[in-house]
Amino acid sequence: MIKKIFPVVLLAIFIAACSSSDDNVVSDTPGTTPFNRGALLSNFADNLIIPAYEELNNNLAALVTSKDDFVAISNQANLDRLRASWLTAYKTWQHVEAFNIGKAEEILYHFQMNIYPTNTIDIHNNITNSNYDLTAVNNNDAVGFPAVDYMIYGIGASDTEILEKYTTDAESAKNQTYLSDLINQMKTLTQDVLNDWNTSYRATFIASTTNTASSAANKIVNDYIFYYEKGLRANKFGIPAGNFSATPLPEKVEGFYNQEVSKELALEALTAVQNIFNGTHFGASTSGIGFKGYLDNLDRTDLATMINGQFGTAREKIQALNANFYTQINTDNTKMTQAYDALQAAVVLLKVDMLQTFNISVDYVDADGD
Amino acid sequence: MNRFQTYLTQKTNASPLAVFRIGFGLMMCYSIIRFWLKGWIESIYLEPAFHFSYYGFEWIKPLGSFTYIIFIICGLSAFFVALGFKYRLAIITFFLSFTYIELMEKTTYLNHYYFISILSFLLIFLPANATFSIDNIFRKRSFEEIPNWCIDAIKLLLGIVYFYAGLAKINSDWLFKAMPLKIWLPSKYDLPIIGETLMQQDWFHYAMSWSGMLYDLFIPFLLLYKRTRWFAFALVVFFHIFTRVLFPIGMFPYVMIVGSLIFFEADFHKKIIAFIKKVIQKVIQIKSKTIEIIPEYKLKFKSVIIPVVMLFFMIQIIFPFRFLLYNGNLFWTEQGYRFSWRVMLMEKMGSTTFKIVDGETNNFFYVNNSDFLTPLQEKQMSFQPDFILEYAHYLGDHFTNQGHKNVQVFVESYVALNGHLSQLFIDKTVDLYQEEESFKPKTWILPFNDDKH
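Rules of the game
- Residues numbered from 1 in each chain as written.
- Chains lettered and ligands numbered in written order.
- Predicted model: local features only at pLDDT ≥ 70, side-chain atom pairs only at ≥ 80, totals over all residues.
- Heavy atoms only, no water.
- Helix = DSSP H or I, 4+ residues; strand = E, 2+ residues; numbered from the N terminus.
- Buried < 20%, exposed > 50% of the residue type's maximum accessible area, 1.4 Å probe, protein only.
- Contact = heavy atoms within 4.5 Å.
- Areas by Shrake-Rupley, 256 points an atom, 1.4 Å probe, with all protein chains shown as cover.
- 1 Å grid on protein atoms, 1.4 Å probe; cavity = no way out; pocket = protein on both sides within 12 Å on 5 of 7 lines; lining within 4 Å.
- Points joined across faces, edges and corners; volume = space filled by probe spheres on them.
- Nonpolar A, V, L, I, M, F, W, Y, C, P; charged D, E, K, R; others polar.
- Arc of directions from axis to C-beta.
- Pairing = 2+ DSSP bridges.
- Axes fitted to C-alpha atoms, helices over the stretch in contact; angles between N-to-C directions.
- Phe/Tyr/Trp six-rings, centres within 6.5 Å; stacked < 30°, edge-to-face > 60°.
- Core = buried A, V, L, I, M, F, W, Y, C linked by side-chain atoms within 4.5 Å.
- Salt bridge = Lys/Arg side-chain N within 4 Å of Asp/Glu carboxyl O.
- Patch = residues over 30% accessible without salt bridge, like charges linked within 9 Å, V, L, I, M, F, W, Y side chains within 5 Å.
- Disulfide = S-S within 2.5 Å.
- Buried area = accessible area lost by both parts, 1.4 Å probe.
- Polar contact = N/O pair within 3.5 Å; in protein donor to acceptor, adjacent residues only side chain to side chain.

Caption draft 1: View of the overall build of chain A. Looking only at helices and strands, chain A has 15 helices and 0 strands in total. With 370 residues in all, chain A has 53% of them scored as buried. Look at the contacts in chain A between residues 6 or more apart in sequence, and 76% of them connect residues 24 or more apart. Counting only carbon and sulfur atoms, one obtains 54% of the accessible surface of chain A, whose full area is about 14,600 Å².

Caption draft 2: Region of the structure containing empty space enclosed by the protein. Residues and elements named next belong to chain B. Here the structure, examined in full by the defined rule, presents 6 cavities of 30 Å³ or more. In this structure, the largest cavity spans a volume of roughly 180 Å³. In terms of lining, the largest cavity is formed by 17 residues, of which the most central are Ser-31, Ile-32, Phe-35, Phe-98 and Tyr-113. Looking at the lining of the largest cavity, the elements with two or more residues in it are helix H2 (15-37), helix H5 (87-104), helix H6 (111-124) and helix H13 (252-259). If you tally residues by element for the lining of the largest cavity, the top one is H2, at 5 residues. Residues that form the lining of the largest cavity fall into these classes: 12 nonpolar, 2 polar and 3 charged.

Caption draft 3: Fine view of helix H6 (residues 120-129) of chain A. All names here are of chain A. Among all positions of H6, only Ile-123, Asn-126 and Ile-127 are buried. Looking down the long axis of H6, one finds its buried residues gathered within 100° of arc, a one-sided arrangement. Every exposed residue of H6 that faces more than 90 degrees away from the buried side is listed here: Ile-121 and Asn-129. In the segment just after H6, Ser-130 is the residue with positive phi, at about 55°.

Caption draft 4: Highlighting the sheet that holds strand E3 (residues 292-296) of chain B. Residue and element names in this part refer to chain B. The strand order E1-E2-E3 describes an open sheet built from 3 strands, whose pairing is mixed. Only two strands of the sheet have a single partner each, and these edge strands are strand E1 (11-13) and E3. Direction aside, neighbouring strands of the sheet carry axes that sit 35° apart on average. Summarising the sheet, E1 and strand E2 (residues 141-147) pair through 3 bridges and their orientation is antiparallel. From the neighbouring strand, Lys-11 faces E2, where its bridge partner is Pro-147. Across the sheet, helix H8 (residues 148-169) lies against E1 and E2, angled at about 65° from E2, the strand it touches most.

Caption draft 5: The arrangement of the sheet that holds strand E4 (residues 348-358) of chain B in detail. Taken together, the 4 strands give an open sheet; going across it, the order is E5-E4-E6-E7 (chain B), and neighbouring strands pair in antiparallel fashion. The open sheet has two edge strands with one neighbour each: strand E5 (364-366) and strand E7 (423-424) of chain B. Summarising the sheet, strand E6 (residues 407-417) of chain B and E7 of chain B pair through 2 bridges and their orientation is antiparallel. Bridge pairing in E7 of chain B places Val-415 of chain B opposite Gln-423 of chain B. Strands in contact with helix H15 (residues 333-358) of chain A are E4, E5 and E6 of chain B; relative to E4 of chain B, the strand with the most contacts, it is inclined by about 155°.

Caption draft 6: Molecular detail of the packing of aromatic side chains. Residues and elements named next belong to chain A. Summed over the entire model, instances satisfying the criterion amount to 75 aromatic pairs over all chains. Between the aromatic rings of Phe-70 and Tyr-166, the centroid separation amounts to 5.1 Å while the plane-to-plane angle is 75°, which identifies the pairing as edge-to-face. Remark: Tyr-166 occurs in helix H8 (residues 159-166) and Phe-70 occurs in helix H3 (residues 37-72); sequence separation between them is 96 residues. Just as Phe-70 is buried, Tyr-166 falls in that class too.

Caption draft 7: Representation of the nonpolar core in the model. In terms of nonpolar packing, the biggest core is built from 112 residues, with Phe-205, Phe-237, Phe-291 and Met-354 of chain A touching the most fellow members. Leave out the neighbours within four places in its chain, and Phe-291 of chain A touches Leu-40, Phe-44, Ile-220, Val-221, Tyr-224, Ile-276, Phe-277, Met-354 and Phe-358 of chain A. Ile-32, Phe-94, Ile-219 and Ile-262 of chain B belong to the second-largest nonpolar core, a separate cluster that totals 85 residues.

Caption draft 8: Representation of the pattern of salt bridges. Under the criterion given, the structure shown has 23 salt bridges over all chains. Because the salt bridges share partners, they merge into one network encompassing Lys-106, Arg-338, Asp-386 and Glu-390 of chain B.

Caption draft 9: Spotlight on a nonpolar patch on the surface. Residue and element names in this part refer to chain B. A cluster of nonpolar side chains, contributed by Leu-26, Trp-36, Leu-63, Phe-66, Ile-69, Ile-72, Ile-73, Leu-76, Phe-79, Phe-80 and Leu-83, occupies part of the molecular surface with about 950 Å² of accessible area. If you list the elements that add at least two residues to the nonpolar patch, you get H2 and helix H4 (66-83). The dominant element in the nonpolar patch, judged by the number of residues it contributes, is H4, at 8 residues. Inspection of the secondary structure puts Leu-83 in helix H4. Residue classification places Leu-83 among the partly exposed positions, given a relative accessible area of 31%.

Caption draft 10: Spatial organisation of unusual backbone geometry. Of note, the bond from Tyr-116 of chain A into Pro-117 of chain A is cis; its omega dihedral lies within 30 degrees of zero at 0°. Residue position: Pro-117 of chain A is located in the loop between helix H5 (103-106) and H6. Geometrically, the link from Met-179 of chain B to Pro-180 of chain B is a cis peptide bond, its omega value of 5° lying close to zero. One non-glycine residue, Asp-299 of chain A, lies in the positive phi region at around 65°. The residue Asp-299 of chain A is located in the loop between helix H12 (291-297) and helix H13 (301-319) in this model. Even without being a glycine, Asn-418 of chain B presents a positive backbone phi close to 45°. Here Asn-418 of chain B lies in the loop between E6 and E7.

Caption draft 11: Representation of the state of the cysteines. Residue and element names in this part refer to chain B. Under the defined criterion, the tally for this structure stands at 0 disulfides over all chains. The thiol sulfur of Cys-74 is not disulfide-bonded, and the nearest other cysteine sulfur, from Cys-29, lies at 9.1 Å. On the basis of relative accessible area, Cys-74 is assigned to the buried category, the value being 0%.

Caption draft 12: The arrangement of the environment of Val-415 of chain B in detail. Positionally, Val-415 of chain B belongs in strand E6. Given the relative accessible area of 0%, Val-415 of chain B is considered buried. When the C-alpha positions of Val-415 of chain B and Ser-382 of chain B are compared, they lie 7.7 Å apart, and in sequence the two are 33 residues distant. Every residue in contact with Val-415 of chain B, bar those within four places of it in the chain, is listed here: Val-352 of chain A together with Trp-332, Lys-348, Met-349, Gly-350, Ser-382, Phe-383, Leu-421, Ser-422, Gln-423 and Phe-425 of chain B.

Caption draft 13: Structural context of the interface of chain A and chain B. Counting residues at the interface gives 51 residues for chain A, matched by 56 residues for chain B. Across the chain A to chain B interface the summed buried area is about 4,400 Å²; carbon plus sulfur atoms make up 58%. Counting the contacts that link chain A with chain B gives 0 salt bridges. At the surface where chain A touches chain B, the tally comes to 12 residue pairs in polar contact (both at pLDDT 80 or more). Secondary structure elements with two or more residues in the side of chain A that touches chain B: helix H1 (2-22), H13 and H15 of chain A. The dominant element in the side of chain A that touches chain B, judged by the number of residues it contributes, is H15 of chain A, at 13 residues. Its residues placed into classes, the side of chain A that touches chain B shows 22 nonpolar, 17 polar and 12 charged.

What follows is the structure, given as structure tokens:
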């Protein structure tokens, strides 16, 4: 009995299977060419990551020079030049912050470059004691761009006072040394990371295409989403706007002591995020393969379009804000939380829809499935 | 009823059940050791500050360092089951300790853990130590035959698992969109030879979906029917090894492969036992002469055991259909989803953020989930309504205890199912702190909109 029925059922089902899959032939063709993850990683390494690190390294070299000039002659003109160099480098920094991988991850580079708010008590203790290890974990909030921000904008109430701190103040020599050590350290760290990319890590990175938790292909996706959610959405917007606390915490904005650039830095970061997504080369408008290309290959151009659309919406909301988020939060925090909400909407698209489409093995979950 | 009575008196050789007992015990013992070595006792049971519980079993919690003791008890009892040493006590201990472990944390729910729990429950009532067991040596008697239904019971349970898994695959996403295999298979591009070729082919995703469904539906029957049995067993081995290669499914494939040996005739199992005996004899000499061989095992407490086993199977057959009592898309709401052999059936992810509101002032803040949950917990919580509700209550209690006033807990949850675009999952306007867990439909789950992509 079974022998007779079974082939008939099988045949019926087979016919049904074929006829149903025919409907999808046209829309599914893109998925039949396997996506070249190596090409994606090459584009990231050669056109986004390494050029951005090179630019940052040059910017920091310029910052070192401006700092040396300022330490030699602490006048207003040199302070202005120092500040300009700091801002240029800080903006370039926004283009590397998402790439916490390789040497950067190994030496905890990110924790020594942009942890804010900076801790001014720690900074002053370091200055007074003159005996500090800038790489120490407990100094993470006393180094990097935020610490320099304090040293060149916040150490005195006015520019005159700031200049006094480096000239006539009792601790002027120590202040100069700390400022100098901070900037030299940033340069050294960046040079190390860049050298590693230029010598060995590039090849390792590009070859690491497997779908395993530790592969560069998977890590870069996870790092990207993590950066977007934490580095951009939470740190630059959510935390200062009070989304995670009972009251707003405006003193936690990026570039707090400068008082003018939190928006500029945030927009730069959003550009960086969008460039990674679209595979747009650093400092150019040409595009290679990015996550968008990956989505296109998996026949989800609709999702890629939505994500770019949401980035656009977020950009509009950010552009409507005051140049200084500290002022924005204190005058009209609603606009700030609106920008946060627009960024949050893209978190869902990246973290849920894009991740599901890539079906990336998530790096932190280790357990059996069904 | 008369025919049923006659059926119950039928006898069969005891060796298939003995082989099953040994295979089951050894694999469970190994599973426990494997779980321990992977560090999962710490990461799943000890490190989290908060544990997700099953409704009605909230009192079952990890016991700090004693959790290791439970695992030791569980592993040892599994080993004793394999030996057939103090079998009844060992299998009861195994059932209780294993089930306790599973009930401690809902995040790790897997169909095959549930399968192990109910199978070990069933084994309590079966004379799996009737032959080839340490108990035989101590009691100085072994049994030739056992009631036939005892072996059929295991076949039936395996059959239910497969057949229901097959039934669950008969849905439009699985059959007509090849979802979620269309998402999962292309990501296996690393596999040698087939990774960049077959795994990327659209037709292959459909072929896998359909053959998976047919396999699950028909394999119990192919195993039962003598002429197709070897072919069916070859299929079982191929299917489970293949899925093991593709997916991180731990021990389950091996449990099913070894388990399906029960379908073979007694002679086959006698050979296995003879082989094991030969190996053992090389190491130690056991005086089997003193063991009296009794032709037939008489079931004690038959009047209790038969009704219990019948009730057990009635529940097994009916329980997976409880989803019919709920409205809405089953995969979306997951009301009646678990304990029903819905295995690897959907790809679902979510992003779920909680908002703590002061009901009087309307001041609010968002919760950083990683402050309270492990990544695995957060992943599971993000798309399952009962997790979301339990966590909302935990947060509500936590912030109330911290001194926050008029605490309300709202959730913004976006979930994507089988490649459909993510959409709002939970009613944003419902204060979940006021909602209670129950078997009633959860009205605050928003309906699934099938049209989007």
